[in-house]
Each structure stands twice: as C-alpha cells, then as structure tokens.
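The residues making up each chain are set out below.
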Amino acid sequence: MPGCRIPSLRVVPHSESMIEQLAAASVRHRSRTIVIWIAALVGVIVLGGMVTSSADINDRLDGTDSQRAYDLAAAHMPSVSGLRTTVVFKATDLASTAAVVDEIRALPRIDHVDSPIDNPEQVGPGGISFAAVAFRPNGPPSEEDTAAAIKEIAAAHHSDDLQIAMGGEPFVEESMPASEAIGLAAAVVILLIAFGSVVAMGLPIVSALIGIGLSLSMIPLVSALLPTADFTTTVAAMIGLGVGIDYALFMVTRYRSELAAGSDVTASIAAAVRTSGRAIVFAGGTVVVSLLGLLLIGMDFLKGFAVASSLTVAIAVAAAITLVPALLAIIGRRIDRLSIHRRGHVTTNRDSLGRRWARLIQRHPITAVTAGGTALLLAALPVFGMRLAVADEGNDPAGSTTRVAYDRLADGFGPGVNGPLLVVTEDVAAVDALVDTVRATDGVAFVAKPQTSPDGAISVFAAYPTTSPQSPATEQLVRDLRDSLPSDVHIGGQTASGIDFATFMGQRLPWFIGAVLLVSFLLLLAVFRSLLVPLKAVILNLVSIGAAYGAMVAVFQWGWFSSVLNIEPAPIEPWAPMMLFAIVFGLSMDYEVFLLSAVKERYDQTRDNHAAVLDGLSSTARVITAAAAIMVCVFASFVVADLRAIK
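Residues numbered from 1 in each chain as written. Predicted model: local features only at pLDDT ≥ 70, side-chain atom pairs only at ≥ 80, totals over all residues. Heavy atoms only, no water.

A short note on the overall build of the protein chain
Operational definition: For helices the rule is a DSSP run of H or I covering at least 4 residues; for strands it is a run of E covering at least 2, with both sets numbered from the N terminus onward. Working definition: with a 1.4 Å probe on protein chains only, accessible area under 20% of the residue-type maximum means buried, over 50% means exposed, and in between means partly exposed. A residue counts as positive if it is Lys or Arg and as negative if it is Asp or Glu; His and the chain ends are not included. Charge positions come from single atoms, namely NZ of Lys, CZ of Arg, CG of Asp or CD of Glu.
Regarding its fold elements, the protein chain presents 20 helices and nine strands. Taken along the three principal axes of its C-alpha coordinates, the protein chain extends 85 × 50 × 45 Å. A burial count over the protein chain gives 51% of its 647 residues as buried. If the 44 positive side-chain charges of the protein chain are averaged to one point and the 56 negative ones to another, these points end up 21 Å apart.

A few points about the side chain of Asp-396
In plain terms, the rule: Here, a salt bridge means any Lys or Arg side-chain nitrogen found within 4 Å of an Asp or Glu carboxyl oxygen. Polar contacts, as counted here, are pairs of nitrogen or oxygen atoms within 3.5 Å of one another; within protein the pair requires one atom able to donate a hydrogen and one able to accept it, and residues that are adjacent in sequence qualify only if both atoms are side-chain atoms.
Among the structural elements, Asp-396 can be located in the loop between helix H12 (365–380) and helix H13 (401–413). Among buried charged residues, Asp-396 stands out as having no salt bridge; its nearest opposite-charge side chain is Arg-403, 7.3 Å away. Side-chain polar atoms of Asp-396 contact the side chain of Thr-402, separated by 2.7 Å.

Section: the nonpolar core
Inclusion rule: As used in this record, nonpolar core signifies buried Ala, Val, Leu, Ile, Met, Phe, Trp, Tyr and Cys residues forming a set joined through side-chain atoms within 4.5 Å. For this analysis, residues touch if any pair of their heavy atoms sits within 4.5 Å.
One finds Tyr-247, Met-299, Ile-335, Phe-512, Met-578 and Phe-581 to be the most contacted residues of the largest nonpolar core, which totals 116 residues. Tallying contributions element by element places helix H10 (residues 300–331) first for this core, with 18 residues. For Met-299, the contacting residues outside a window of four places in its chain are Leu-61, Phe-501, Phe-504 and Met-505. Membership of the second largest hydrophobic core comes to 21 residues, among which are Ala-91, Ile-110, Val-133 and Ile-150.

A word on the environment of Gly-48
Considering the arrangement of structural elements, one finds Gly-48 in helix H2 (residues 30–50). Aside from chain neighbours lying at most four places away, what touches Gly-48 is Ser-217, Pro-220 and Leu-221.

Looking at the pattern of salt bridges
Applying the stated criterion to the full structure yields 19 salt bridges. Linking Arg-482 and Asp-500 is a salt bridge whose minimum nitrogen-to-oxygen distance equals 2.8 Å. Note that Arg-482 is positioned in helix H15 (residues 472–484) and Asp-500 in helix H16 (residues 494–528), a separation of 18 residues in sequence. We classify Arg-482 as partly exposed; its relative accessible area is 24%. Salt bridges here are not isolated pairs; linked through shared partners, they connect Asp-65, Arg-482 and Asp-500.

Thoughts on the packing of aromatic side chains
Just so we agree on the cut-off: A pair of aromatic rings is counted whenever rings of Phe, Tyr or Trp (Trp by its six-membered ring) have centres within 6.5 Å, and the orientation is called stacked for planes under 30 degrees apart, edge-to-face for over 60 and tilted otherwise.
Applying the stated criterion to the full structure yields 10 aromatic pairs. Relative to Phe-594, the ring of Tyr-247 lies with its centre 6.4 Å away and its plane at 55°, an arrangement referred to as tilted. Of this pair, Tyr-247 sits in helix H8 (residues 232–260) while Phe-594 sits in helix H19 (residues 576–606), placing them 347 residues apart in sequence. Each member of the pair, Tyr-247 together with Phe-594, is buried. Between Phe-581 and Phe-585, the aromatic rings sit 5.2 Å apart at their centres with planes inclined by 10°, giving stacked as the arrangement. Remark: Phe-585 and Phe-581 occur in helix H19; sequence separation between them is four residues, near one turn of the helix. Phe-581 sits in the buried class, given a relative accessible area of 1%.

Quick word on the confidence of the model for the protein chain
Threshold: By definition, pLDDT measures how confident the predictor is in each residue, and it falls between 0 and 100.
Residues of the protein chain with pLDDT of at least 70 account for 94%, and the chain-wide mean is 87. Confidence over residues 1–16 falls short of pLDDT 50; this stretch has 31 contacts with residues more than four positions distant or in other chains.

Things to note about the sheet that holds strand S1 (residues 84–91)
The following threshold applies: DSSP bridges decide pairing: two strands pair if at least two such bridges lie between them. Fitted lines through C-alpha atoms serve as axes, helices being fitted only where they are in contact, and the angles separating the N-to-C directions of these axes extend from 0 to 180 degrees.
Spatially, the four strands line up as an open sheet ordered S2-S3-S1-S4, and their pairing is antiparallel. For this open sheet the edge positions go to strand S2 (110–114) and strand S4 (162–167), each flanked by a neighbour on one side alone. The mean inter-strand angle of the sheet, taken between neighbouring strand axes irrespective of direction, is 20°. Where S2 meets strand S3 (residues 128–135), four bridges bridge the pair, whose relative direction is antiparallel. Bridging from a neighbouring strand, Asp-114 pairs with Ala-132 of S3.

Some thoughts on helix H11 (residues 353–363)
Spacing of three or four residues puts side chains on the same side of an α-helix, whose turn is 3.6 residues. Operational definition: In this description, the arc belongs to the directions extending from the helix axis to the C-beta atoms.
Of the residues making up H11, those classed as buried are Gly-354, Arg-355, Ala-358, Ile-361 and Gln-362. Down the axis of H11, the buried set is contained in an arc of 120°. They therefore lie on one face. H11 presents Leu-353 and Arg-363 as exposed residues on the side facing more than 90 degrees away from its buried surface. Looking at the buried side of H11, the elements it contacts are H12 and helix H20 (609–636).

A look at unusual backbone geometry
The phi dihedral of Arg-529 falls on the positive side, at around 50°, and the residue is not glycine. Its place among the elements puts Arg-529 in the loop between H16 and helix H17 (532–557). The phi dihedral of Arg-607 falls on the positive side, at around 60°, and the residue is not glycine. The topology assignment puts Arg-607 in the loop between H19 and H20. Assessed through its relative accessible area of 46%, Arg-607 is described here as partly exposed.

A closer look at the environment of Ile-190
Secondary-structure assignment places Ile-190 in helix H6 (residues 179–195). Given a relative accessible area of 16%, Ile-190 falls into the buried group. Between the C-alpha atom of Ile-190 and that of Thr-234, which follows or precedes it by 44 residues, the distance is 22 Å. If we skip the residues at most four places from it in the chain, Ile-190 touches Ala-626, Ala-629, Ile-630 and Cys-633.

What follows is the structure in structure tokens.
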C-alpha cells in the first residue's frame, strides 16, 4: 500500500531451483510424466481396492465424567453400555405394539427392549408410547444391518391405526448432493468465462481430476493405518477439486500472460513455474499446515481426515508443478484454441476492471481499510454469542423418521425424554436415596427404576430432563448434578457425552488456532523475509474467518434466513468451527500468497512500492476472483443437502 515499503528479500535459491528443476524435467520428459501420473492413479486404485479399513475410530473422551459412567457400565452391565434407540408408536390400541416389540426383541443384535405395555411410564397421552431398544455392544450383525431390520419390521406393521417412527443415530436419513458434479460444472463455466478458450479451460479440469482420482484412491490406504471418519471422502473431494483447479488456473494464467508478452513456449512455462509455481508450493504448504493442525485436537475421527485431506492438497501442488507444465509443453501455443471470444489471447488492457479497482483503492486507502475492516468486524460480532453443543434430532429434516419420533416424544412426554441421562453410582446401598435426590432436582421430569449389576458393583438408572438435549437448561442440569452429587456418582448417556464433547472441543480450539497461526506466520516469514507482511496476512485472514464464524452463528444458531435455507436454528456443532478454520484459513492464505507474490515480484523489478501494489493487484484480481468463485460454488453445493450438519 502507498507509504508502506515491501522488503525486497530473496527466497532461498536452493528451494526455488528444486521447483524449477522438477518442472523442467517434467517438460523435457512430458510424455513420460503424463504416463507416470496415469500409472500412479491406476496403481493406487488397484492397491486401494485390496485393503480394508483396519483402524477403528476411538470416540473416547478420557477424563470426562460421561466416559467414566460408560466405562463402569461396560465393565459391570454391558447391556446398558451399547447403542440405545427408540421406537415411537402412535396407536389406537396399545396392545397392537406388542407384536412389533416381540419381533424387534428377537433380532440377534438386540440385548433387550423395554415395552410400553410393561412400563406404564412409557405411555403418554394421545396414543403415543415408546419402546426403548438396547443393542448389544458388539455384533454381528452390524448396527446398520440391525437398524435396517427394525425399519422393515416397522414398515410391515405400519398402518393408520399404528404409526411407527424410529429415533437414534442409525435411523438418521442422510442424503448427500452430487457436490463434485455441481462444483465441476460451475468450474467449467467460470473457467470458460475467465479464459475464453475450451482448451485453456480443459487443462485445469483434467489436471484436477487426475489429482483428485489419485487422492481419493489413497484414502483406503490411509484408513487402513489411521481412524478415518466417513465424511473424509466427500470433504477431501471438495478440497481437492477446489485447490486442484485453482493451482492449475494460476499456472495456466501466467503461462498465457507470458505467451502474450512474446515469450516462446519453453520460456513461458519456465516463467510460470518460477513465479506462480513457487507461490503454489508455499500456498499449498499453508493449507497442508492448517489441515494437519487438526491432529492437535486429539480426536481419533480427525486423524485420518487430517492426513487424507492434506495429502489431497499436496498432490494438487505436485500436479501443478509437474503435470501441468508437461501438458502445457504438449499443447504449446494451441492453449487458446476453440475460443468462445473474438480474441483468444490474454487481454493486456491497462484499463481493465482489476486495474481500475487497484487505482481506486490506492487513491482512497484509508477509506478502503475503514470500510472493509468495519464490514468484517461487524460480520464477526455474532461470534461472541456462539454456543457449542451437539444438535438433537429436533433439527432433522421435517418428515424424516427421526424428526417424527422426536416430535411425538416431545408432544407426549416433553422434549427431555429425547435425551435421558444415565446415572451410574458405585454406592449401591444408597441408590434409593440417590433416586429421590435426582427426582427432586429442578429440571428433572421423572426417573426410571434403578437396576443393579449382577456383581453388585454398580447401580444405574435413567433421569429424564424437562428440556431438550440441546437446551442450555439441560447442560446446566448436568453440571448441577455433577456438582451436587457424591464423587462416586457419574452422569453419562448420549446427552451428557455431547455436553462433554462440546466442552472438550471448546478447550482445544484456541490451541489449534494458535498453533496454525504460528506455523503459518513462520512459513510466510520464510517466504517473504518480512515481519510486517506475514503479520498483516495472518491478522487479516483471522478477521475474515471471524466474519465467517459470525455468519455461521447468525444463520445456524440465530436462525437468520432459516426459512430460505430450510435450517432449524440450534447451537453450533462442536466440530464445525475447527473444521471451518482449517479449510478457510488455508484457502484464504492461498490467495494472500498469490497476491503478495505478484506484488513482491514487481517490487523486486522496479523498487516502486506504488507500482508494485498496482500491478500486483491488477494482474491477480481476475484470476483470484475466478479461483474464489470456483471454491464458493463447490462448497455452496453442500447447502442443498438435507441434514443441518452438512449444510
């Protein structure tokens, strides 16, 4: 910016020469390079099909009260430590539920079923009743297969007089949009507009698809070594598609610019690698750092995701500096073939929109900083109202079986019946007094009969809150019970575990953000050899992510535009801020590095700060906007999914 000198400091020559040498070798052996990439893709696909996932996800929350309750129950009463679901009936005759209960009870994975016929407290007004279904902790068959069998039983007995709905995680009906196809179609349109040439558009697409194919084929190999969440493939594909196209886009743009300036094919490729290629390596490094930072959270389900997604970015970088130069060498000056514009070459109009924008910013720098900064800070204000909690099934899509089950239970028994607390005590002799104490606690609707383990070591019972599982009042109830009850009494169950998970993630988030910021700062320091430039980059990207957090709170927690987006207002999922930071910080630093690299390149040539900022911004504005538009379209495709967590 005017009045702020950008230090002219060299990047380590050895690192730069390695990148150029690798790209030059790819150009010299262009056909061999393409064959190697295709062979690697085929080989990894074959190898990935030969392995099976062997790393189980450990969802333990060691040190928490809910984990202690679970461990005690698993050791002394395995029947209460397995998965628990609910079958909700709306019947004109309660006796008609008996046949359904008997068939579910006969399934091999089912430990026991508490029938509403045998438990009057499970019968509510309006013909609503429920059966509590407990799975055995270990199969076979799998929980998914057992849930499918329960669905079949429910469908066979469902009628106007006996309506059945199922609640619990195995019955959540997920639908994922064809996000890859939506993002790819958007990328094609945006690249055609940006390049005006079918050939120039196709090269980033081809490069990205080969990189994504290789990356996704490696996920089974990663899952054989590390616990890998089931959403890894979908999110890695989105990241890979975005960065793969973006990186190739930057390379092709610089190559076409050099051709338009009169350079030959070889020199144009070399210049693209020396400038855009170097920026891609360091930009990709920031994304990899931010994604690997997820390992600091300490949750098993993030380990495979962090490694697989960072590998996806690393492969996209490798494709940009090897595969793309090889393809450019083959295409040569035919890069602008099949033009959809009158002129196929890159515009050199010094009055382009990007240049006019840069001049406007330079004429009014204080106004620009004030307006932009104020807008970001205002957008970030809702972040101070963020509440982390696991959203309950009352947020599932209307009409889904889990949502119907939740609503009917809430109507018949109150919302708290959807999230019972499992109270475990090691003082079996005092269990009756404990039940009376819990029953008399404000916020408890009713308490089930206690059960004692066969070895007499523990007693357990369920306490049903008056409020929903995601309610702040329920969270406060859990904390009050833990504070007031003896130390040998533990509060567990899915609701309590969700509260502990939110607390755990909230405590880890600042450490994760701090570590990623520090490493990114050091990486940018190595690139630009300046304290001011990386400090400014880190601060501005942090502010922009604060604005993203604010928008997330306003929409998903406060309910702004909820009717348009079909979203149920609820707390923010505990993992969402961490995941959002890893992805958005890395990608936003991408654009920061590309812009600053262009500015620094021009400054090294002219020593004119004003001209460097003007030329750097105007030369990258169009391509950064196109790259960001592709990412927006790719991730916006998630909004059409049904589940709130995916949105």
